Amino acid sequence: MFPSLPKVTIRQATSQDIASITRFMDQAVLVHRNLDWQPLMDWVTREPFLLRFEGQKLTSLFSCAADPPGTAWIHAFAMDHWSSDMEKTWHSLLEPSLAILQQEKSSLFTVALHEWYKNLLNATNFSIFQKIVVLNWNQSLPKPLPTPGNLIIRPMTQSDLDAVVSVDRQAFDPVWTISRASMECAFFSAAHASVAEMDDTIIGYELSTASHLSAHLTRLAVHPDFKHANIGYSLARLMLEYFQQLHINLVTVNTQQDNSASIGLYKKLGFSLTEESFPIYWREIAC
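Here we summarise the structure given alongside this text.

Parameters at a glance
Residues numbered from 1 in each chain as written. Predicted model: local features only at pLDDT ≥ 70, side-chain atom pairs only at ≥ 80, totals over all residues. Heavy atoms only, no water. Core = buried A, V, L, I, M, F, W, Y, C linked by side-chain atoms within 4.5 Å. Buried < 20%, exposed > 50% of the residue type's maximum accessible area, 1.4 Å probe, protein only. Helix = DSSP H or I, 4+ residues; strand = E, 2+ residues; numbered from the N terminus. Contact = heavy atoms within 4.5 Å. Phe/Tyr/Trp six-rings, centres within 6.5 Å; stacked < 30°, edge-to-face > 60°. Lys NZ or Arg CZ within 6 Å of the ring centre and 35° of its normal. Pairing = 2+ DSSP bridges. Axes fitted to C-alpha atoms, helices over the stretch in contact; angles between N-to-C directions. Parallel < 35°, antiparallel > 145°, perpendicular 65-115°, else oblique. Left-handed = near helix turned anticlockwise from the far one by under 90°. Nonpolar A, V, L, I, M, F, W, Y, C, P; charged D, E, K, R; others polar. Salt bridge = Lys/Arg side-chain N within 4 Å of Asp/Glu carboxyl O.

1. A few points about the nonpolar core
Nonpolar side chains tend toward joint burial in soluble globular proteins.
Here is step 1 of the chain: One finds Leu217, Ile231, Leu240, Val251, Tyr266, Leu269 and Phe271 to be the most contacted residues of the largest nonpolar core, which totals 26 residues.
Here is step 2 of the chain: Where this core is concerned, the elements lending two or more residues are β8 (127–137), β10 (192–198), β12 (214–222), α6 (231–245), β13 (250–256) and α7 (260–268).
Here is step 3 of the chain: With residues up to four places along the chain from it excluded, the contact list for Phe271 reads Leu135, Asn136, Trp137, Leu240, Val251, Thr252, Val253 and Tyr266.
Here is step 4 of the chain: Among the nonpolar cores identified, the runner-up in size contains 24 residues, and Cys64, Phe77, Leu108 and Phe126 belong to it.

Below you can see the structure in the form of structure tokens.
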């Protein structure tokens, strides 16, 4: 007789699972993580964050809570081993998650950074939504351009975050906006953060991260009413000047392949397109 297979159970994670999830992620063989700022454990109590057990053993997990409401990204999918049943495991976690998102009327997106993950998405009715391209700075500081006389650019503070989120929501399509909680995480992880202000009103902002060797412009937004006033250019130029003074000359930025305005701005600042890119996938959810 063949030994019976362990019983498979799937359930929503709780705060009591954080320690076991942490151990699992340290040892998982297959891991997809979204390119966001919030630690994975921040999502544990947000539905759906599903855990799949074989017997008593945690073998895979899936997280895709909507944030902000209406837009959900797959924060994580992980398995503890390579398996010919990978697609079956993926389905077992994806389908109940889609049911939750359907009730919330949230769209589902994900970035594909690994071939095995792309294969899963292609096999399960995901479609390419957009492609993200990567640009590198040429290390030459661009010249200043004229801005409105009453414009002030200053360091961002925590008390600015509500106004920054408001600018973000007006500057970007919903799929690219981030929540107040994510913005706060981005602010605290930033190596450089600034706001553009006119008449005591924040109309633009910039957030960048850095290591000792490189920096990355993570967010740059300007209120649509001021998009032709060189404000985004000036915010980014001051960031480049700051990192140049620290002798950090490798600066990167990502943007959508079809965002000609954004690519044009970055080229004016001295960035060049690289051959690196990655696709954003979307799964239609019937309402």
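2. Focus: the packing of aromatic side chains
Here is step 1 of the chain: Within this structure, the stated rule accounts for 13 aromatic pairs.
Here is step 2 of the chain: On the basis of an interplanar angle of 65 degrees and a centroid distance of 6.4 Å, the ring pair of Phe62 and Phe77 is categorised as edge-to-face. In this pair, Phe62 sits in strand β4 (residues 57–63) while Phe77 sits in strand β6 (residues 76–79), placing the two residues 15 residues apart along the sequence. Exposure class is identical for Phe62 and Phe77. Each is buried.
Here is step 3 of the chain: Cluster of aromatic residues (ring-pair linked, three or more members): Phe62, Phe77, Trp90, Trp116, Tyr117 and Phe126.
Here is step 4 of the chain: Over the aromatic face of Phe126 sits the side chain of Arg283, whose NZ or CZ is 5.8 Å from the ring centroid.

3. Comments concerning the sheet that holds strand β7 (residues 107–111)
Here is step 1 of the chain: Read from one edge to the other, the open sheet built from nine strands follows the order β5-β7-β14-β8-β13-β12-β11-β10-β9, with strand pairing classed as mixed. Either end of the sheet is taken by a strand with one partner, and the two such strands are β5 (71–73) and β9 (151–155). Neighbour to neighbour, the strand axes of the sheet diverge by 25 degrees on average, direction disregarded.
Here is step 2 of the chain: Pairing analysis gives five bridges linking β9 to β10, with the strands arranged antiparallel. Opposite Pro155, over in β10, you have Ser194 as the bridge partner.
Here is step 3 of the chain: In this fold α7 packs onto β8, β12, β13 and β14 (271–283), with an angle of close to 165 degrees to the strand it touches most, β13.

4. A look at the packing of helix α4 (residues 161–171) against helix α5 (residues 180–189)
Here is step 1 of the chain: Axis separation between α4 and α5 bottoms out at 10 Å; the angle between their running directions is 115 degrees. In terms of axis orientation, α4 runs roughly perpendicular to α5. In the packing of α4 onto α5, the handedness of the crossing is right-handed. Only Arg180, Met183, Glu184 and Phe187 of α5 make contact with α4, whose side of the interface consists of Leu161, Asp162, Val164, Val165, Asp168 and Arg169.
Here is step 2 of the chain: Its residues assigned to classes, the contact of α4 with α5 shows five nonpolar, no polar and five charged.

5. Quick look at the pattern of salt bridges
Here is step 1 of the chain: Using the criterion set out here, one finds eleven salt bridges in the structure.
Here is step 2 of the chain: Between Arg11 and Asp17 there is a salt bridge, with its nearest N and O atoms 2.8 Å apart.
Here is step 3 of the chain: Residue classification places Arg11 among the partly exposed positions, given a relative accessible area of 35%.
Here is step 4 of the chain: Since its relative accessible area comes to 8%, Asp17 is described here as buried.
Here is step 5 of the chain: For the salt bridge of Arg46 with Asp67, the shortest nitrogen-to-oxygen distance reads 3.9 Å. Taken together, the positions of Arg46 in the loop between β2 (30–33) and β3 (49–54) and Asp67 in the loop between β4 and β5 put the pair 21 residues apart, joining distant regions of the chain.
Here is step 6 of the chain: Take Arg46: its relative accessible area is 31%, and that puts it in the partly exposed class.
Here is step 7 of the chain: Three or more residues are tied together by salt bridges with common partners; here these are Arg154, Asp160 and Glu197.

Function cannot be inferred from these measures alone, as they are strictly geometric.
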